[in-house]
Amino acid sequence: MDPKTMLIVMVVAFGVFTWSALKRWRLLTVGAAIDRFDQIGERIKVALKIAIFQKKMPKYRTMGLIHIAIFWGFLALLLNTVILWGRGFDEGFNLWILGDNPLGHAYHFVKDVFSGVVLVAALLALINRVVVRPARFTLSFEATLILLIISTMMVADLAYWGWQQIETGQTGFVAGEPLASVSASLLGQLDRSTAALVGTVGFWTHSVLVLIFMNLLPYGKHFHVITAIPNVFLTSLDPKGRLPKDENIEKVLRDEEDEDEEEEPVFGVAEVQHFHWKDILDMFSCTECGRCTDNCPAAKTQKPLKPKTFLTAVRDHLYLRHEELTSEPQKSRPLIPVIVDPEVVWNCTTCRACEEECPVMISYVDKFVRLRRDLVESRGEPPAELATALRGIETNANPWNLSPMDRDGWTEGLEVPAFDADECEYLLFTGCMASFDDRAKKISRSLTQLLNQAGVSYGYLGSDEPCCGETARRAGSESNFRMIADMNIETFKELGVKKIITGCPHCFNTFKNEYPEFDGQFEVLHHTELLADLVAQGKLSPTERIEQRVVFHDGCYLGRYNDIYDAPRQLLARIPGLEVAEITQSKERGLCCGGGGARFFMEESGDRINGLRVSELVSAQPKSIASACPYCMTMLSDGLKDKDLFDDKGQLDVAELLAISCGLTDRKLLKQG
Ligand code: SF4
Ligand code: SF4
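Residues numbered from 1 in each chain as written. Chains lettered and ligands numbered in written order. Predicted model: local features only at pLDDT ≥ 70, side-chain atom pairs only at ≥ 80, totals over all residues. Heavy atoms only, no water.

Focus on the overall build of the protein
Phase 1 of the analysis: Summing up its helical and strand segments, the protein has 28 helices and eight strands in all.
Phase 2 of the analysis: Across the 673 residues in the protein, those meeting the buried criterion constitute 57%.
Phase 3 of the analysis: Put simply, of all contacts in the protein between residues at least 6 apart along the chain, 79% involve residues at least 24 apart.
Phase 4 of the analysis: Within the structure as shown, the protein displays about 28600 Å² of accessible surface, and the carbon and sulfur contribution to it stands at 57%.
Phase 5 of the analysis: Across the protein, 71 positive and 90 negative side-chain charges occur, with their mean positions spaced 6 Å apart. (Helix = DSSP H or I, 4+ residues; strand = E, 2+ residues; numbered from the N terminus. Buried < 20%, exposed > 50% of the residue type's maximum accessible area, 1.4 Å probe, protein only. Contact = heavy atoms within 4.5 Å. Areas by Shrake-Rupley, 256 points an atom, 1.4 Å probe, with all protein chains shown as cover. Lys, Arg positive; Asp, Glu negative; His and termini not counted. Charge placed at Lys NZ, Arg CZ, Asp CG, Glu CD.)

What about the packing of aromatic side chains?
Phase 1 of the analysis: Tallying each qualifying case throughout the model produces 27 aromatic pairs.
Phase 2 of the analysis: When the ring of Y160 is compared with that of F203, the centres are 5.5 Å apart and the planes differ by 50°; the resulting orientation is tilted. Here the residue Y160 occupies a position in helix α5 (residues 141-167), and F203 occupies one in helix α7 (residues 192-216), the gap between them amounting to 43 residues. Accessibility classification places Y160 together with F203 in one group, the buried group.
Phase 3 of the analysis: Between the aromatic rings of F600 and F601, the centroid separation amounts to 5.2 Å while the plane-to-plane angle is 70°, which identifies the pairing as edge-to-face. (Phe/Tyr/Trp six-rings, centres within 6.5 Å; stacked < 30°, edge-to-face > 60°.)

Some remarks on the site of ligand 1
Phase 1 of the analysis: Close to ligand 1 lie 13 residues; C296, C348, C351, R352 and C354 are nearest.
Phase 2 of the analysis: Of all the secondary-structure elements, those providing two or more residues to the shell around ligand 1 are α16 (353-357) and α17 (365-378). (Near = heavy atom within 4 Å.)

Focus: the pattern of salt bridges
Phase 1 of the analysis: A full pass over the atoms with the stated rule returns 43 salt bridges.
Phase 2 of the analysis: As a salt-bridge pair, D648 and K623 come within 2.7 Å of each other at their nearest N and O atoms. Here D648, found in the loop between α27 (630-642) and β8 (650-653), pairs with K623, found in the loop between α26 (609-618) and β7 (624-627); they are 25 residues apart in sequence, far enough to count as distant.
Phase 3 of the analysis: Since its relative accessible area comes to 12%, K623 is described here as buried.
Phase 4 of the analysis: Taken together, the shared-partner salt bridges in this structure form one network comprising K278, D279, D282, D366, K367 and R370. (Salt bridge = Lys/Arg side-chain N within 4 Å of Asp/Glu carboxyl O.)

Some points on the site of ligand 2
Phase 1 of the analysis: The environment of ligand 2 is made up of 13 residues, and the closest members are C286, C289, C292, C358 and Y364.
Phase 2 of the analysis: Among the residues making up the shell around ligand 2, the classes are represented as eight nonpolar, two polar and three charged. (Nonpolar A, V, L, I, M, F, W, Y, C, P; charged D, E, K, R; others polar.)

Topic: the sheet that holds strand β4 (residues 523-526)
Strands belonging to one sheet form pairs held by backbone hydrogen bonds; the direction of such a pair is parallel or antiparallel.
Phase 1 of the analysis: Read from one edge of the open sheet, four strands run β2-β1-β3-β4, paired in parallel fashion. One side of each edge strand has no neighbouring strand; the edge strands of this open sheet are β2 (458-460) and β4. Along the sheet, successive strands turn relative to each other by an average axial angle of 30°, direction set aside.
Phase 2 of the analysis: With respect to the sheet, helix α24 (residues 527-536) is in contact with β1 (426-429), β3 (499-502) and β4, its orientation differing from that of β4 by roughly 80°. (Pairing = 2+ DSSP bridges. Axes fitted to C-alpha atoms, helices over the stretch in contact; angles between N-to-C directions.)

Considering the sheet that holds β7
Phase 1 of the analysis: Ordered in space as β6-β5-β7-β8, the four strands form an open sheet in which the pairing is parallel. Each end of this open sheet is capped by a strand with a single partner; those strands are β6 (579-581) and β8. Pairwise comparison of adjacent strand axes, ignoring direction, gives a mean angle of 35° for this sheet.
Phase 2 of the analysis: In terms of strand pairing, strand β5 (residues 549-552) meets β7 through three bridges, oriented parallel.

Re unusual backbone geometry
Phase 1 of the analysis: In this chain, I336 is followed by P337 through a cis amide linkage whose omega measures 10°.
Phase 2 of the analysis: Secondary-structure assignment places P337 in the loop between α14 (322-325) and α15 (342-347).
Phase 3 of the analysis: Of note in this structure, Q54 is not a glycine but carries a positive phi near 55°.

So, the domain arrangement of the protein
Phase 1 of the analysis: In terms of domains, the protein is made up of domain 1 (3-232), domain 2 (239-259 + 266-381), domain 3 (392-535) and domain 4 (539-669).
Phase 2 of the analysis: Here domain 1 and domain 2 have C-alpha centroids that lie 33 Å from each other.
Phase 3 of the analysis: Taken together, the contact pairs 31 residues of domain 1 with 33 residues of domain 2.
Phase 4 of the analysis: Each partner contributes to the roughly 3200 Å² buried at the junction of domain 1 and domain 2, and carbon and sulfur atoms together form 59% of this total.
Phase 5 of the analysis: At the surface where domain 1 touches domain 2, the tally comes to 21 residue pairs in polar contact (both at pLDDT 80 or more).
Phase 6 of the analysis: If you tally residues by element for the side of domain 1 that touches domain 2, the top one is helix α8 (residues 224-233), at six residues.
Phase 7 of the analysis: When the residues that make up the side of domain 1 that touches domain 2 are grouped by side-chain class, the tally is 17 nonpolar, six polar and eight charged. (Domains from an automatic or database assignment. Buried area = accessible area lost by both parts, 1.4 Å probe. Polar contact = N/O pair within 3.5 Å; in protein donor to acceptor, adjacent residues only side chain to side chain.)

Here we look at the environment of E603
Phase 1 of the analysis: As for its position among the elements, E603 is in the loop between β6 and α26.
Phase 2 of the analysis: Sequence separation between E603 and E385 is 218 residues, and the spatial gap between their C-alpha atoms is 7.4 Å.

Notes on the side chain of H276
Phase 1 of the analysis: Inspection of the secondary structure assignment puts H276 in the loop between α9 (247-253) and α10 (277-285).
Phase 2 of the analysis: The exposure class of H276 is buried, given its relative accessible area of 16%.
Phase 3 of the analysis: The contact partners of H276, leaving out residues within four places of it in the chain, are G31, A32, A33, I34 and R370.

Things to note about the pairing of β7
Phase 1 of the analysis: With burial as the criterion, each face of β7 is covered, one bearing S624 and A626 and the other bearing I625 and S627.
Phase 2 of the analysis: In this sheet, β8 lies alongside β7 in parallel orientation, the contact comprising four bridges. Following the sheet pairing, S627 is matched in β8 by D653.
Phase 3 of the analysis: As a crossover connection, the stretch from β7 through α27 into β8 is right-handed. (Right-handed = clockwise from strand over helix to strand, strands pointing away.)

Here we look at a nonpolar patch on the surface
Phase 1 of the analysis: A cluster of nonpolar side chains, V120, L124, I127, V130, V131, V132 and L139, forms an exposed patch at the surface whose accessible area comes to about 620 Å².
Phase 2 of the analysis: The topology assignment puts L124 in helix α4 (residues 102-132).
Phase 3 of the analysis: Exposure remark for L124: the relative accessible area of 42% places this residue in the partly exposed category. (Patch = residues over 30% accessible without salt bridge, like charges linked within 9 Å, V, L, I, M, F, W, Y side chains within 5 Å.)

Some words on the environment of A184
Phase 1 of the analysis: In this structure, A184 sits in helix α6 (residues 178-187).
Phase 2 of the analysis: Between the C-alpha atoms of A184 and V174, which are ten residues apart in sequence, the distance is 9.6 Å.
Phase 3 of the analysis: If we ignore the near neighbours within four places in the chain, the residues touching A184 are G162, Q165 and I166.

A word on the environment of E142
Phase 1 of the analysis: Here E142 shows up in helix α5.
Phase 2 of the analysis: Distance in space between the C-alpha atoms of E142 and K221 is 8.1 Å, their sequence separation being 79 residues.
Phase 3 of the analysis: Ignoring any residue separated from it by four or fewer positions in sequence, one finds E142 in contact with G220, K221 and H222.

Shown next, in the form of structure tokens:
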């Protein structure tokens with residue numbers, strides 16, 4: 001080997017790489033500030049689980065295992081590359097720890113096996129990309145080139161180590177390096193000088209291709225090779241259901257506006273540099289695997305929103321603006337509508353399916369909501385239907401703008417105690433949907449009948465019950481939400497509320513995960529959790545048979561946001577006669593009903609998400625669909641109606657099924673036949 005050549009190659013390669021990396025680093029620093037260096041222990045755990053042990057990869061079994069093989073192979077082969085670079089300067093170079101000792105022998109075996117594993121995995125990935133072409137992938141020259149580079153590197157490596165066996169006089173099968181041994185026996189068919197030439201070419205090919213590979217990384221999707229582990233380490237450790245605050249809105253609310261500031265404060269994200277630096281790291285880290293889009297209800301129903309396309313478009317815009325963003329003065333270039341279509345922003349149901357799937361923990365919901373904040377808070381441009389709902393929340397504490405006096409209409413003929421902290425353990429919070437919607441009111445009725453039967457100590461605020469503010473927050477009306485949250489927290493504290501029970505996963509998530517950030521700490525239970533507990537304690541006895549096959553629909557804010565998958569299933573399992581079917585698209589992979597993220601109050605164009613969800617659910621051939629969210633109930637009922645299935649198939653909340661089985665609610669809710 002020629003040390004001078006190796007020195008020149010390495011200096012040039014590392015010099016160019018450092019220049020590229022610094023360029024990307026400067027771009028990262030244009031993002032807004034955010035603290036992601038807290039809870040280091042927890043961050044290490046997440047990074048180990050998700051990035052090192054690749055927990056999410058096997059969700060797509062074949063490609064996931066292929067990726068794991070390549071990732072682990074790369075880790076194992078890192079030291080091998082260092083040894084090769086060292087041998088460019090000194091042919092006998094070895095890392096002392098990997099010399100002629102048990103550790104060195106073990107490493108050479110592992111490295112040898114991984115060369116073969118990575119070669120096979122890269123070839124399979126290549127076939128998948130070029131021949132199979134799954135819809136979630138975009139056929140890209142860069143991805144194909146990188147896979148070819150990886151395959152060539154592995155072949156070159158085996159050629160080099162095969163020649164090393166010949167040169168060091170190792171003959172026959174060498175169990176410590178089985179694949180290099182096969183390579184040696186092939187090279188043994190050649191004359192010695194040709195075999196030596198092949199070995200030397202193998203050496204330089206591997207050593208130089210690694211450096212070329214390294215220099216390609218910052219310019220394409222394979223940048224994730226460098227950024228994915230830090231990106232996972234720096235992920236948000238807040239509860240999944242908590243949206244970030246808007247510091248400028250917080251300032252306005254605290255009356256802390258800076259009078260010296262010449263420019264108007266920015267609410268949400270209007271331009272790319274308003275994203276946090278961690279959002280920019282997300283953009284660097286996207287592997288473009290398309291898992292997000294593959295699971296997105298909007299993309300599945302041919303809406304303009306395709307999460308991967310959104311993120312890569314914003315990233316490309318960021319790269320294009322590199323010079324301008326890293327110097328002064330900067331021109332104003334709003335993201336909406338030139339880079340991001342507003343329809344894309346409003347298409348999101350905030351279901352979190354994309355985030356659940358993403359192998360490198362890229363977040364989407366907070367990005368879309370911050371873009372909505374720009375549209376609503378700064379520009380005053382929510383969709384017309386949503387503007388009406390937001391006005392209703394502001395004026396009458398419900399999105400339909402109905403009289404608050406009618407809020408407790410569902411209690412007619414029922415015994416529902418008023419809340420009194422001295423006598424009540426729980427505040428029953430029904431939420432807007434289960435207070436005003438005629439069908440959903442029956443959930444509230446069944447729930448109170450069950451609570452009464454079990455002797456639960458609870459109370460209700462009646463027509464004084466407020467809106468929790470969830471719809472306003474997901475719609476981007478952050479200042480509206482913040483005022484509602486402050487007011488509710490103050491009221492609850494004054495009333496002495498300690499525990500809240502609700503049948504609405506949206507209210508549940510808001511009270512449990514968002515109010516604590518504004519000093520509203522309450523113990524919050526979804527009705528399925530409390531009811532499952534009451535049944536387990538024998539305080540509720542479901543004895544009446546319901547001879548039906550049902551399938552359970554996991555609402556996003558109950559399941560993916562709050563990991564409540566078991567309680568509703570436990571309840572259904574306790575009802576005699578009920579046969580509970582599961583479909584593959586359930587739990588973490590359950591499709592949204594289409595009503596989350598304030599989408600319930602917006603028009604939907606094209607194929608309907610609830611229609612798609614109903615098709616999935618009825619594939620289990622149930623008589624009824626069970627759910628545990630009043631919004632899901634309405635969306636799914638509408639889906640059944642659209643498909644002319646409503647007369648045949650029922651749609652019930654688990655509390656209603658339980659109340660029927662406990663002999664408390666009329667069986668008429670069940671579809672017969
Ligand atoms: S949150 Fe749901 S609707 Fe929004 S982008 Fe992600 S998968 Fe699509
Ligand atoms: S955001 Fe995540 S899931 Fe989507 S393409 Fe990028 S890496 Fe894959």
